[in-house]
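Observations on the model geometry
Next come the chains, spelled out residue by residue.
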Amino acid sequence: MKKSLFTAFAILALTLVSCNSGNNNPETPDPERKHIDAGVSEFSWHADASQNGTNSFHLTLIEDLVDRNGYSVHVEFNAATTDPTGEYVIGNGAAGTMLKGSYNDETLYGTYIVILDGGSYTETPEILDGSDCKLSIERMGENFVITFVNDKYEFKASCEARVTNEAFPSEPMEATNFAAKFGMGRALYYGDFYGHGVSDEYLIDFEGDNYASIDLYAPLNSPDNAIPDGTYTISPTGAPGTITPGSYERGYFDPSFIYIAIGGQTISTVWYMYSGSLTFENVDGVYHVTGSVISACGSQITIDYSGPIDVESYL
């Protein structure tokens, strides 16, 4: 495989759960409601999974985390930002809403409640499809305080205010701004490797205090020993004048991305290039690479490199 790929460790915590609808106001104290002190077995971010400009989260609260017994509620909800704090009701997928529950082909989706015995549910899931349920997520110091209520149940839980990044593993959810520092550059020229007939590809590696792998596309019939001058915009099209956005699939990072080069090889934190542009200018063999990129979680990274980029032909 021609790409620069690095294995990463991704933690997946999945638990089955469910939820029921009713007509009572969840704000009104109800002596008949079952109160459950729960723990959080899953709290994960899935980027814009619905492709509607919102941030998708999965949350699982369970009564007995150790033996996985008792009641458990699973909620899929959408927020306006990567900060999940707020109030949520059942809706149509917009920010501030929870996804209705469904049960198809023995697979549970959306929001629902189940009774668990050692991790297996013991009865038919109670599917949430009404407007009586409410989810509240607050920050209290360094913790999230989470409350889920409907006419029959009230779940309460507290957990460290961190969310697992399932969409872009190893990238911090908290946005930050920094300048990436590189000491050298090299590239492989692949030409029209895929036979698209529109662009030639270069895979560029920058090394130094940071490491970057950049998948860049130049016009067709570009030189095999130099990267053409121009401004390259991050885009998934593979068209001339573009840089492929970073992604993660099957345990591997795909260019384009930046990480802190601890010990030269160890990957601790990755920033996936998601938008922005870089300008390349070659003056007598010295490249000037400038620009800024926005990562998948909103970090802004500036790049200002001056030095050689040794380009070799892969063909």
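Scroll up a little and you will see the structure.
These remarks concern the structure in this document.

Definitions and cut-offs
- Residues numbered from 1 in each chain as written.
- Predicted model: local features only at pLDDT ≥ 70, side-chain atom pairs only at ≥ 80, totals over all residues.
- Heavy atoms only, no water.
- Helix = DSSP H or I, 4+ residues; strand = E, 2+ residues; numbered from the N terminus.
- Buried < 20%, exposed > 50% of the residue type's maximum accessible area, 1.4 Å probe, protein only.
- Contact = heavy atoms within 4.5 Å.
- Areas by Shrake-Rupley, 256 points an atom, 1.4 Å probe, with all protein chains shown as cover.
- Pairing = 2+ DSSP bridges.
- Polar contact = N/O pair within 3.5 Å; in protein donor to acceptor, adjacent residues only side chain to side chain.

Brief notes about the overall build of the protein
From N to C terminus, the protein includes 0 helices and 28 strands. For the protein, the proportion of its 315 residues judged to be buried stands at 47%. Look at the contacts in the protein between residues 6 or more apart in sequence, and 57% of them connect residues 24 or more apart. Surface accessibility of the protein: about 15,000 Å² in total, with carbon and sulfur atoms responsible for 48%.

Comments concerning the pairing of strand S9 (residues 112–117)
Relative to S9, strand S4 (residues 69–79) runs antiparallel, the two sharing 5 bridges. Looking across to S9, one finds that Ser72 is bridged to Val114. Across 2 bridges, S9 lies against strand S11 (residues 126–127) in antiparallel orientation. Pairing of Ile113 across the sheet is with Glu126, part of S11.

Digging into the environment of Tyr71
Its place among the elements puts Tyr71 in strand S4. Taking the relative accessible area as the measure of exposure, Tyr71 reaches 18% and is therefore buried. Beyond its immediate chain neighbours, meaning those up to four positions away, Tyr71 contacts Lys34, Ile36, Leu61, Ile62, Glu63, Ile113, Val114, Ile115, Tyr153 and Phe155.

Points about the side chain of Glu201
One can find Glu201 in strand S18 (residues 199–207). The buried category is assigned to Glu201, whose relative accessible area is 1%. Looking at Glu201, its side chain comes within polar contact range of the side chain of Tyr217, at 3.4 Å.

Some words on the side chain of Thr242
With respect to the helices and strands, the residue Thr242 is situated in strand S21 (residues 242–243). A polar side-chain atom of Thr242 sits 2.6 Å from the main-chain carbonyl oxygen of Ala239. When residues no more than four places from it in sequence are discounted, the contact partners of Thr242 are Asp215, Leu216, Tyr217, Tyr232, Thr233, Ser235 and Thr237.

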